[in-house]
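# Understanding the architecture of this molecule
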Amino acid sequence: AGHNRVRWDLRYPGPTPPAQGRGPLAVPGTYQVRLSVGDWRDTQAFALNMDPRLKTARTTRSDLEEQFFFNRRLQDAMEAAEATAHAIDSMRTAVQDANDAGTMPESEAQPLLDRLDALHGKLVTSDTGSYQPPMLLDQLGYLAWMTGSADQELGEDAFSRFETLQDRLDRIQDRWQSLRADVEVPTTD
């Protein structure tokens, strides 16, 4: 009952938590909105038009579609990097708990913690000290901000940078999978 309003920021959903960020901007086209209350449902179509200022910049619908798909791939990489960082952090906690509980000796725990810290440090920017270099997650986030803040034709440097970051993520994930396969962390139950 009453007056209801929905506002769409023209973005698709952002990455799955714990990853952060906004989803890519929608491409001009025809969309549908659905409203349902109880058993009643209604669907209405509407047009999302291209910003007329983009014509002077010579940005085309094709450019916006390429931007959209690029930012979806970038979002997938951010989600994968965040999930990997979270999994590494979880194993670090499990190793530390096992060491604290006495089920994993210090001589085994510390080298493993060092390896996990090094791998985690490639993904997450350190919060200790001043002027820490941005690591992979921050670099992906910056690229997402640069390529997703406005409707634009993406330059070759964006594609090149993404490929570099994706290669780095692939190597980190390979090292993580190898480490995970080689290590059995005792439980503290």
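Described in the following lines is the structure provided in the data block.

### Observations regarding unusual backbone geometry
Although it is not a glycine, Leu10 sits at a positive phi angle of roughly 65 degrees. Checked against the element boundaries, Leu10 lands in the segment before strand 1 (29-37).

### Some remarks on empty space enclosed by the protein
Under the counting rule described, the total for this entry stands at one cavity of 30 Å³ or more. As a volume, the largest cavity reaches approximately 60 Å³. Around the largest cavity, the lining residues are Pro24, Leu25, Ala26, Val27, Leu64, Gln67, Phe68, Asn71, Gly148 and Asp151. Of the residues forming the lining of the largest cavity, the biggest block, four residues, is contributed by helix 2 (residues 61-101). Here the lining of the largest cavity is composed, by residue class, of six nonpolar, three polar and one charged.

### What about the packing of aromatic side chains?
Summed over all chains, the structure comprises eight aromatic pairs. Centre to centre, the rings of Trp8 and Phe46 are 6.2 Å apart; their planes meet at 80 degrees, and the pair counts as edge-to-face. Taken together, the residues Trp8 in the segment before strand 1 and Phe46 in strand 2 (residues 40-48) connect sequence positions 38 residues apart. Between Tyr142 and Trp145 the ring centres are 5.9 Å apart and the planes differ by 35 degrees, which places this aromatic pair in the tilted class. Taken as a pair, Tyr142 and Trp145 lie in helix 4 (residues 136-148) at a separation of three residues, close to a single helical turn. Taking relative accessible area as the criterion, Trp145 reaches 53% and is therefore assigned exposed.

### Some remarks on the nonpolar core
Counting residues in each nonpolar core, the largest one holds 30 residues, and the members touching the most others are Val95, Leu116, Leu123 and Leu140. At the level of elements, helix 2, helix 3 (106-123), helix 4 and helix 5 (156-182) are the ones that each hand at least two residues to this core. Top contributing element to this core by residue count: helix 2, with 10 residues. Not counting chain neighbours up to four residues away, the residues in contact with Leu123 comprise Ala81, Thr84, Ala85, Ile88, Met135, Leu136, Leu137, Leu169 and Ile172. By size, the runner-up hydrophobic cluster in this structure holds seven residues, among which are Ala26, Val27, Leu48 and Phe68.

### Observations regarding the layout of surface pockets
Of the volumes computed, that of the largest pocket is approximately 430 Å³. Counting only elements with at least two residues in the lining of the largest pocket, the list comes to strand 1 and strand 2. Counting residues per element, the lining of the largest pocket draws most heavily on strand 1, at six residues. For the lining of the largest pocket, a count of residues per class yields eight nonpolar, four polar and four charged.

### What about the packing of helix 3 against helix 5?
Across the interface, helix 3 lies against helix 5 with an axial gap of 10 Å and an inter-helix angle of 160 degrees. By the angle class used here, helix 3 and helix 5 are roughly antiparallel. Crossing of helix 3 over helix 5 shows left-handed handedness. Within the contact between the two elements, helix 3 uses Leu112, Arg115, Leu116, Leu119, Lys122 and Leu123 and helix 5 uses Leu169, Ile172, Arg175, Trp176 and Leu179. Along the lines of polarity and charge, the residues of the contact of helix 3 with helix 5 split into eight nonpolar, no polar and three charged.

### Focus on the packing of helix 2 against helix 3
At their nearest, the axes of helix 2 and helix 3 sit 10 Å apart, and the two run at 160 degrees to each other. As judged from the angle between their axes, helix 2 and helix 3 are roughly antiparallel. Both helix 2 and helix 3 take part in a crossing whose hand is left-handed. Listed contacts from helix 3 to Ala81, Thr84, Ala85, Ile88, Asp89, Met91, Arg92, Val95, Gln96 and Asn99 of helix 2 are Glu106, Ala109, Leu112, Leu113, Leu116, Asp117, Leu119, His120 and Leu123.

### As for the pairing of strand 1
Direction of pairing for strand 1 relative to strand 2: antiparallel, over a ladder of nine bridges. Each bridged residue has a counterpart across the sheet, and for Tyr31 the counterpart in strand 2 is Phe46. Linking two consecutive strands that pair antiparallel, namely strand 1 and strand 2, is a turn of two residues; a positive phi of about 60 degrees is found at Gly38 within it.

Thresholds applied
- Residues numbered from 1 in each chain as written.
- Predicted model: local features only at pLDDT ≥ 70, side-chain atom pairs only at ≥ 80, totals over all residues.
- Heavy atoms only, no water.
- Helix = DSSP H or I, 4+ residues; strand = E, 2+ residues; numbered from the N terminus.
- 1 Å grid on protein atoms, 1.4 Å probe; cavity = no way out; pocket = protein on both sides within 12 Å on 5 of 7 lines; lining within 4 Å.
- Points joined across faces, edges and corners; volume = space filled by probe spheres on them.
- Nonpolar A, V, L, I, M, F, W, Y, C, P; charged D, E, K, R; others polar.
- Phe/Tyr/Trp six-rings, centres within 6.5 Å; stacked < 30°, edge-to-face > 60°.
- Buried < 20%, exposed > 50% of the residue type's maximum accessible area, 1.4 Å probe, protein only.
- Core = buried A, V, L, I, M, F, W, Y, C linked by side-chain atoms within 4.5 Å.
- Contact = heavy atoms within 4.5 Å.
- Axes fitted to C-alpha atoms, helices over the stretch in contact; angles between N-to-C directions.
- Parallel < 35°, antiparallel > 145°, perpendicular 65-115°, else oblique.
- Left-handed = near helix turned anticlockwise from the far one by under 90°.
- Pairing = 2+ DSSP bridges.

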